[in-house]
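# Residue-level structure breakdown
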Amino acid sequence: EDQVTQSPEALRLQEGESSSLNCSYTVSGLRGLFWYRQDPGKGPEFLFTLYSAGEEKEKERLKATLTKKESFLHITAPKPEDSATYLCAGGGSNYKLTFGKGTLLTVNP
Amino acid sequence: DAGVTQSPTHLIKTRGQQVTLRCSPKSGHDTVSWYQQALGQGPQFIFQYYEEEERQRGNFPDRFSGHQFPNYSSELNVNALWLGDSALYLCASSPGGQGDGITQYFGAGTRLSVL
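Residues numbered from 1 in each chain as written. Chains lettered and ligands numbered in written order. Predicted model: local features only at pLDDT ≥ 70, side-chain atom pairs only at ≥ 80, totals over all residues. Heavy atoms only, no water.

### Some remarks on the overall build of chain A
Along its length, chain A carries zero helices and 11 strands. In chain A, the order of α-helices and β-strands from amino to carboxyl end is β-β-β-β-β-β-β-β-β-β-β. In terms of C-alpha radius of gyration, chain A reaches 13 Å, essentially the compact-globule figure of 13 Å for 109 residues. Principal axes of the C-alpha set define a box for chain A whose edges measure 40 × 30 × 20 Å. Expressed as a percentage of its 109 residues, the buried residues of chain A come to 46%. Accessible surface computed for chain A: about 5300 Å², of which carbon and sulfur atoms make up 47%. Distance between charge centres in chain A, computed from 13 positive and 14 negative side chains, equals 4 Å. (Helix = DSSP H or I, 4+ residues; strand = E, 2+ residues; numbered from the N terminus. Rg over C-alpha atoms; globule rule 2.2 N^0.38 Å. Buried < 20%, exposed > 50% of the residue type's maximum accessible area, 1.4 Å probe, protein only. Areas by Shrake-Rupley, 256 points an atom, 1.4 Å probe, with all protein chains shown as cover. Lys, Arg positive; Asp, Glu negative; His and termini not counted. Charge placed at Lys NZ, Arg CZ, Asp CG, Glu CD.)

### Considerations on the interface of chain A and chain B
Every contact between the two is made by 20 residues of chain A and, on the other side, 20 residues of chain B. Summing the contributions of chain A and of chain B, the shared interface buries around 1700 Å²; its carbon and sulfur component is 59%. For the interface between chain A and chain B, the tally reads zero salt bridges. Along the contact surface separating chain A from chain B lie seven residue pairs in polar contact (both at pLDDT 80 or more). Broken down by secondary-structure element, the contributors of at least two residues to the side of chain A that touches chain B are strand 4 (32-38), strand 5 (45-50) and strand 10 (97-99) of chain A. No other element matches strand 4 of chain A, which puts four residues into the side of chain A that touches chain B. Broken down by class, the residue content of the side of chain A that touches chain B amounts to nine nonpolar, seven polar and four charged. (Contact = heavy atoms within 4.5 Å. Buried area = accessible area lost by both parts, 1.4 Å probe. Salt bridge = Lys/Arg side-chain N within 4 Å of Asp/Glu carboxyl O. Polar contact = N/O pair within 3.5 Å; in protein donor to acceptor, adjacent residues only side chain to side chain. Nonpolar A, V, L, I, M, F, W, Y, C, P; charged D, E, K, R; others polar.)

### Section: the pattern of salt bridges
All names here are of chain B. In this structure the tally under the stated criterion is seven salt bridges over all chains. Across the pair Arg57 and Glu54 runs a salt bridge whose closest N-O atoms are separated by 3.1 Å. Residue Glu54 is classed as partly exposed on the basis of its relative accessible area of 35%.

### Some remarks on the sheet that holds strand 8 (residues 74-78) of chain B
All names here are of chain B. Across the sheet, four strands lie side by side as 1-3-8-7; this open sheet has antiparallel pairing. Both edges of this open sheet fall to strand 1 (5-7) and strand 7 (64-68), since each of them pairs with a single strand only. Averaged over neighbouring strand pairs, the angle between their axes works out to 20 degrees when direction is ignored. Pairing between strand 3 (residues 19-24) and strand 8: five bridges, direction antiparallel. Its bridge partner lying in strand 8, Leu21 is registered against Leu76. (Pairing = 2+ DSSP bridges. Axes fitted to C-alpha atoms, helices over the stretch in contact; angles between N-to-C directions.)

### Brief notes about the side chain of Gln48(B)
Mapped onto the elements of the fold, Gln48(B) is located in strand 5 (residues 44-50). Judged by its relative accessible area of 2%, Gln48(B) is buried. There is a polar contact of 3.0 Å between the side chain of Gln48(B) and the side chain of Ser33(B). Here Gln48(B) is in contact with Tyr95(A), Thr31(B), Val32(B), Ser33(B), Glu53(B), Glu54(B), Arg55(B), Gln56(B) and Gln104(B), once residues within four sequence places are set aside.

As structure tokens, this is what we get:
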């Protein structure tokens, strides 16, 4: 059975304090590893798709990386508006996305 | 370019009732997936529709059913509602044979409360 585990469950940072979120995965026939941002009461907003180990993608203060067992979301010099829940999901050969529980990020000014 | 749209945004039902949720995919997308998200949890896959057929199903009972129309829009039906069905229901669309075919884009969701 496919499994995705995210850590930590919650992370509190000061504005400008860089950190990383972790996503460990076991997904049969992985076709893509996805990162989403979700604000309270809203749907997940797509951030990145990573297709193979060694791949990296960047968007503003966010950088996602992928190994054969893990993915990391690096947040550089975060701002309060980066506060949200970040979800990781694996997409395998069975078309569905398997999500982790998410990391709740709070950035204090 | 309109994204994924879902209706209604909020719904309140009582136990035993039936509910229908609706979804219009992003322009150019032909595949629709439905997810259930309980409070504090990640989304759980319900099923996916492609070419008007259910292509894959998650671990949900037969009370959950769906449909996809020729214009690619979709409905999620839940019968015999119980309290545990209270959740945010998310629709996601993907471009099928276009692009990578697997990246899914989500709507804002329908918040269902069962009393």
